[in-house]
Amino acid sequence: MNKIKILSNFNSEIFSNYLNQKLNNREHKITKTVFGSFYQQSFKLIRSKEKIGTIIVWNQIEKILVNFDKLIYNKKFNYNELLKENNDYIKILKQLSKKCNQLIVFGWQKPNLYQGKSIKDFTDKLGVLKNVTKLNLQISDSIQDIENIYFFPPELYFNNATEEYSPKLWYAAKIPYSQNTFKSASEKINELFNNLKSKKVKLIILDLDNTLWGGEVGDIGWQKVKIGGHSIEGEAYVDFQRIIKGLKDTGIQLAICSKNDEKIALDAITKNKNMVLKKSDFVLWKINWEDKAKNIREIIKKLNFTNESVLFIDDNVNERDRVKTAISGIKVPDWPSDPTEYPSEILKLNCFETYKKITKEDKKRLGYYKDDLKRKKTKSDFVSELNWLKNLKTNILCKKITKENEDRIVQLINRTNQMNLRTRRYNQEKLQDIQKDKKSFLRCFHLKDKFGDMGIVGFFNLTKHKNKLIIDDFILSCRAFGRGVEKTMLHIISNYAVQKKIKLAEFNFKKTDKNKPCLTFLKENLKELKKNRFIIKDMKKSFKPNYLKLIKE
Amino acid sequence: MITENIIKKAIVKINDQLPKSKKVIYKSSFPIFGKKSKLDSLTIVNLFVEIENQIKINLKKKITILNDDFFNKMNDNFTILDLIKKINTKLKK
């Protein structure tokens, strides 16, 4: 159950009613605080030990920033003081973000009653709209690095608010906006929750003919497929490909599944100059005349994705139905017959993590998968897995957490499900707080081998208590399972314990639907004291496999 | 008939956000104020503001049914039928 708390300086009853309606009651429980007591309620929350699922902050600018109230009434006011007040508000938001999983902040809105400097409102230094915009930008700039804050500027949910503003509703019930505004805001929050909840797409599998270009390449040849040029559909295909390429650059993988002659189809990709997507943008392709469901299953298996994280796009309804029925969980959206609708259709899907920060690892991800395919291809050449692992010439770099790798660590914390000891999700600020704690010891692990650089794949964080170490996070990307990183992480922990003369290192496993691989690993390598509580039995034992080289920074 | 329709429209609009148990029912005997009323003050305010708004849009007239005096009468029994009468009187003035 996600506890939602609304902090507002106005009467949020109607908003909360709409929110209750839009959200699933079984999953969310909404409570609102007494209106007009934003600061008291915020400080109470900040001081309390209670962790809230979601906090929603929605205030009127003139009621929170004293100097803004002075501005709209043309009183003498101090501009720097106004910025400082806004900054103090931001500090509260940052503290609130540490007390919840998501903090939703509604940006400042132009006060209904005050029209500011009329036609000069956006150019005059004292313009109301100009300053509302400026203060909203100050907030958005300050919180942009905090992953769990979602900032809703008024443009996102305000519908003719001034037109529908009812002064009587304000004076009688302290409700400053229309029902439509609250309805629209609730819909946006519902969208956000759906987006956070849905399994995100990590791989897009694309058909070719009439999906990536117009026409059937086998019949008309690569020179005549519709892509680019002075053509309504050709331009739409270019835009569609540009969007797909943009998604690829956020770390999403692309593959092809098409019923075609492979050489003819690849000719269209490599030889047609209007193609935005190049052969190198695809991690894998299956271009043949076999059943598409069979091909797609093979692609998913080779790349080690779950069905739920795969999106298949095909213009042919029969192919879509076949794949949808044969592969459970795969996302197969209905697809319009008109190619001019393709670009907007893909943007509507709402299944991509486009709002997440793009890390160095995301940009290199295509390379990682290509290297991994090469790696796996060589596996069958070896008699034993150990020989294969030896042949990979693996180097593991054990690193401190720095500004350069913080983004990746936060990504691992918030995305990793399978090899995750406690599945604690937190943001960059919290990570920085942990780092500042002298009792904490954090390290991350970077994996390289003869096929390439896999980037940072592992992370642990432990707290030193009087007689023992408690491991708070123990996380490994599923790409690096079984490569010895997990054992190397144990090795570093036991070495640290020996160095600090501590005899006990404790792993308290917290079960989720997905972290069974972590439990299996703990059972195989540690001693289980009682259910889900593990310790390193022998601190002097070397966990590090001999087939890899450990480099400490 | 015009007043009835306006009240119906206002009820539909405010019911849009109300939970099932709190929805306003269009029925002449439905109590708005008084001991039998189950409506909270916010719903009443919202309903009256919306009625004033609907009159402005549909009849191009401005009448006030919600003011400080109105709240003083909140203990009296007052139904949808009373509301229709009150609005009709105001519209005739």
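Here the structure is shown first, and the text comes after it.
Every chain begins its residue count from 1, and numbering advances along the sequence as written. The naming scheme follows written order: chains are lettered A onward, ligands numbered 1 onward. With the structure being a predicted model, the display of local features is reserved for residues of pLDDT at least 70 and the display and counting of side-chain atom pairs for 80 or more, all residues being used for whole-chain, interface and lining totals. The side-chain quantities take in all heavy atoms of the structure and omit both hydrogens and water.

A. The overall build of chain A, seen in detail. Of regular secondary structure, chain A possesses 21 helices and 18 strands. Principal-axis analysis of the C-alpha atoms places the extent of chain A at approximately 80 × 75 × 40 Å. Only protein chains enter the accessibility calculation, which uses a 1.4 Å probe. A residue is then buried if its area is under 20% of the maximum for its type, exposed if over 50%, and partly exposed in between. Scored against the burial criterion, the 553 residues of chain A give a buried share of 53%. Contact criterion: two residues are considered in contact whenever any of their non-hydrogen atoms come within 4.5 Å of each other. In chain A, the proportion of contacts linking residues at least 24 apart, taken out of those at least 6 apart, comes to 72%. Exposure was quantified through the Shrake-Rupley algorithm and a 1.4 Å probe, taking into account, for residues, occlusion by the shown protein chains and nothing else. Just so you have it, chain A exposes about 26400 Å², and 49% of that area is on carbon and sulfur atoms. Within chain A, the 66 negative side-chain charges are centred at a point lying 10 Å from the centre of the 108 positive side-chain charges. Helix and strand assignments follow DSSP, with helices taken as H or I runs no shorter than four residues and strands as E runs no shorter than two, numbered in order from the N terminus. Charged-residue counts in this description rest on Lys and Arg as positive and Asp and Glu as negative, His and the chain ends being excluded. By convention, the point assigned to a charge is CZ for Arg, NZ for Lys, CD for Glu and CG for Asp.

B. Inspection of the interface of chain B and chain A at higher detail. In this assembly, 14 residues from chain B lie in contact with 15 residues from chain A. Buried area adds together the accessible area that both of two parts lose upon being put together, with accessible area traced by a 1.4 Å probe. When the buried surface of chain B facing chain A is broken down by residue, Asp16, Gln17 and Leu42 of chain B rank first, second and third, together holding 47% of it. Salt bridge, as applied in this entry: a Lys or Arg side-chain nitrogen positioned within 4 Å of an Asp or Glu carboxyl oxygen. Along the contact surface separating chain B from chain A lie two salt bridges. Lys183 of chain A is paired through a salt bridge with Asp16 of chain B; the nearest N and O atoms lie 3.1 Å apart. Secondary structure elements with two or more residues in the side of chain B that touches chain A: helix H1 (2-15) and helix H2 (41-59) of chain B. A per-element tally of the side of chain B that touches chain A places H2 of chain B first, with five residues. Ten residue types, Ala, Val, Leu, Ile, Met, Phe, Trp, Tyr, Cys and Pro, are classed as nonpolar, four, Asp, Glu, Lys and Arg, as charged, and the remainder, Gly among them, as polar. Here the residues of the side of chain B that touches chain A sort into seven nonpolar, three polar and four charged.

C. Broad picture of the pairing of strand S16 (residues 527-530) of chain A. In this structure, S16 of chain A lies alongside strand S17 (residues 533-535) of chain A, joined through three bridges in antiparallel fashion. Bridged to Glu528 of chain A within S17 of chain A is Phe534 of chain A. When DSSP finds at least two bridges between two strands, those strands are taken to pair.

D. Just the packing of aromatic side chains, in detail. Residues and elements named next belong to chain A. The criterion for an aromatic pair is that two Phe, Tyr or Trp rings (for Trp, the six-membered ring) have centres within 6.5 Å, with stacked assigned to planes under 30 degrees apart, edge-to-face to planes over 60 apart and tilted to the rest. One pass over the full model with this rule turns up 28 aromatic pairs over all chains. The interplanar angle of 45 degrees and the centroid separation of 5.6 Å between the aromatic rings of Phe38 and Tyr89 together place this pair among those described as tilted. Of the two residues, Phe38 sits in helix H2 (residues 38-47) while Tyr89 sits in helix H5 (residues 79-97), which places them 51 residues apart along the sequence. Note on Phe38: relative accessible area 2%, which makes it buried. Here the aromatic residues Phe10, Phe15, Trp58, Phe106, Phe152, Tyr177 and Phe182 are joined through ring pairs into a cluster of three or more. In this scheme, Lys NZ or Arg CZ marks a charge over a ring once it lies within 6 Å of the ring centre and within 35 degrees of the ring normal. Over the face of the ring belonging to Tyr79 we find Lys125, whose NZ or CZ atom lies 4.7 Å from the ring centre.

E. Main features of the sheet that holds strand S5 (residues 149-152) of chain A. All names here are of chain A. Read from one edge of the open sheet, five strands run S2-S1-S3-S4-S5, paired in parallel fashion. Either end of the sheet is taken by a strand with one partner, and the two such strands are strand S2 (28-32) and S5. Strand-to-strand, the axes of this sheet are offset by a mean angle of 20 degrees, without reference to chain direction. Inspection of the sheet shows strand S4 (residues 100-106) paired to S5 by four bridges, in the parallel sense. Along S5, the bridge assignment pairs Ile104 with Tyr150. The axes used here are C-alpha line fits, helices contributing only the stretch in contact, and every angle between their N-to-C directions lies in the interval 0 to 180 degrees. Against the sheet, H2 touches strand S1 (2-8) and strand S3 (52-58), its axis set at about 145 degrees to S1.

F. Focus on the pairing of S3 of chain A. All names here are of chain A. Counting buried positions along S3 yields seven of seven residues, so the element is predominantly enclosed. Here S1 runs beside S3; their pairing, made up of five bridges, is parallel. In the sheet register, Lys5 faces S3, and the bridge partner there is Ile55.

By themselves these figures say nothing about function.
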